[in-house]
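Residue strings, one per chain:
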Amino acid sequence: MEVMEVIADPEKWAEQTFGKADLGDKRRARRLVSAAAKIAAHPEISFTQVFDWNELRGFYRLCDQTQATLAAVQEPHWQQTRAAMRKHPLVLIVHDTTELDFSSHRHLTGAGQIGNENGKGFLQHNSLAIVPKPQQVLGLAYQQLITRQPAPVGENTTKRKQWNRESQLWQFGFRAAGHPPTGCTWVDVCDRGSDDYEAMRTSSETGHDFLIRVAQNRIVFLSADADEKVYLLDYARSLKSMGSDEVEIPGRGGRAGRKAVVQMASAPVWLPPPSGTRQRSSQPVIVAWVIRIWEADPPAGIDEPVEWVLISSMRSQTLEELKERRDWYCCRWLIEVYHNIEKNGCSEEDRRFETADRMATCLAILAVVAVRVFQLRCALDHQPEQPAEQVATAQEIKVMRAFLKHKGKQFTVKEFVRGVAKLGGFLGRKNDGDPGVRALWQGYQRLQDMLQGILLLASVDSA
């Protein structure tokens, strides 16, 4: 079953996504499906509004079960995502860590340090599978929820690499997705946090390719003979432009989005294992391409011109190949959108459980619900002219047709999704572009309230 075919009806989606969860008792799996369906229909509001009292007690009991771990709850979704990945010739697996902040939740026990170590919460490391053209979110290939532990005082580099530190989250995410089948290319796309020799080696050993933003000005060789050493960032900035193009810079933190004219350059490099690597002499030298994408002449008033220095295992020799790598790295922004949906669209940081284990079960469900919300938005790009039945129930379509005063025979995914966004405040003017995810999840919430009102009115009229 295609990904987009399972998101229309919350109950069918929940059954497809969680129905095969192994929680030690089939009744728990049924409770998980029932709870997830209700949360998916109302992802933003509090659980006391989602459930009646008996349902809420059942949901709390589910979160109390030791078998209802993050892995047990999400495993069916991971398998579903990985099966979808095998159907595409190219998949980007975007990895990133976000902090879930519960500092204001005074009664939560078992959380760790976040931020400047004065905050309290969890680290959530996501591996989100994406098809780049047209952009389609397949789902989470893996997720890790980590309670940060302080590093021992005086720990040296060698010991730090031996422990299960945050730097290894990237390696776990790479391995968990598994090996791609013959004919499929899976690319691990990451920001600066994964600029690590072991991460690159793990990606290659797993049969993946990698595209990673460089953070370290490490020593690299300019040939396989290792006869010339250079510092990577310095070398990248010495390369001559091979051509120019545009990059779409999304708005963030009050900063307006814009288009930037960028230069692009690349060259092959050989990465030796760094000092402190275990069994360093027996570790391979990684063959890669360094890529620089930079804004040589930024407009007036731009304080931070674009500069991306990337390292990739894939040949990046021609201008067309550089444009493709640029487009892949631009897809990394989608995981930031996903984190926004989790925290704001699904209100993850507003949930109130008193132990870390209970909270982990709750967050595991909400994280997958956030994928569903994101997939609905991506349907605009993936299948805009398909029938709205691909993403909506018959009742939802009837309500949206009435709201939009739509008289035509065909009602498309694009018309439905934009209509939902209008319920959430999207104006839909000629030059407004496509709606954002905030308008979409708020509109979807209003749509569910409208449907509930219709059902209540029908029950009153029939009484």
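Our subject is the structure listed above.
A quick note: this is a predicted structure, and the numbers were derived from the prediction, not measured.

### Describing the overall build of the chain
Summing up its helical and strand segments, the chain has 15 helices and 12 strands in all. Computed over its C-alpha atoms, the radius of gyration of the chain comes to 24 Å, within 12% of the 23 Å expected for a compact globule of 463 residues. Each principal axis of the C-alpha distribution contributes one length, and for the chain these read about 85 × 50 × 45 Å. The 463 residues of the chain split such that 52% are buried.

### Here we look at the nonpolar core
Core analysis: the largest hydrophobic core is formed by 78 residues, its most contacted members being Ile39, Phe47, Phe59 and Phe374. Considering each element in turn, this core owes the most residues, 15 residues, to helix H12 (residues 356-382). Not counting the four nearest positions on each side in its chain, Phe47 is found in contact with Ile39, Leu56, Phe59, Arg351, Phe353, Cys362 and Leu366. Membership of the second largest hydrophobic core comes to 26 residues, among which are Ile212, Leu239, Ile286 and Ile311.

### A closer look at the packing of aromatic side chains
Applying the stated criterion to the full structure yields 10 aromatic pairs. Each ring, one from Trp78 and one from Tyr142, has its centre 4.8 Å from the other, and the planes form 55°; the classification is tilted. Within this pair, whereas Trp78 is found in helix H5 (residues 70-85), its partner Tyr142 is found in strand E4 (residues 136-146), the two being separated by 64 residues in sequence. With relative accessibility at 2%, the residue Trp78 sits in the buried group. Taking the relative accessible area as the measure of exposure, Tyr142 reaches 22% and is therefore partly exposed.

### Digging into the pattern of salt bridges
As enumerated under the stated definition, the model contains 19 salt bridges in all. A salt bridge links Asp327 to Lys133, with the shortest nitrogen-to-oxygen separation between them at 3.9 Å. Of this pair, Asp327 sits in helix H10 (residues 319-330) while Lys133 sits in the loop between strand E3 (119-131) and E4, placing them 194 residues apart in sequence. Residue Glu336 pairs with Arg332 through a salt bridge whose shortest N-O separation is 3.0 Å. Arg332 gets classed as buried once you look at its relative accessible area, which sits at 7%. One connected set of salt bridges, linked through shared partners, spans Lys133, Asp245, Glu320, Lys323, Arg326 and Asp327.

Analysis parameters
Residues numbered from 1 in each chain as written. Predicted model: local features only at pLDDT ≥ 70, side-chain atom pairs only at ≥ 80, totals over all residues. Heavy atoms only, no water. Helix = DSSP H or I, 4+ residues; strand = E, 2+ residues; numbered from the N terminus. Rg over C-alpha atoms; globule rule 2.2 N^0.38 Å. Buried < 20%, exposed > 50% of the residue type's maximum accessible area, 1.4 Å probe, protein only. Core = buried A, V, L, I, M, F, W, Y, C linked by side-chain atoms within 4.5 Å. Contact = heavy atoms within 4.5 Å. Phe/Tyr/Trp six-rings, centres within 6.5 Å; stacked < 30°, edge-to-face > 60°. Salt bridge = Lys/Arg side-chain N within 4 Å of Asp/Glu carboxyl O.

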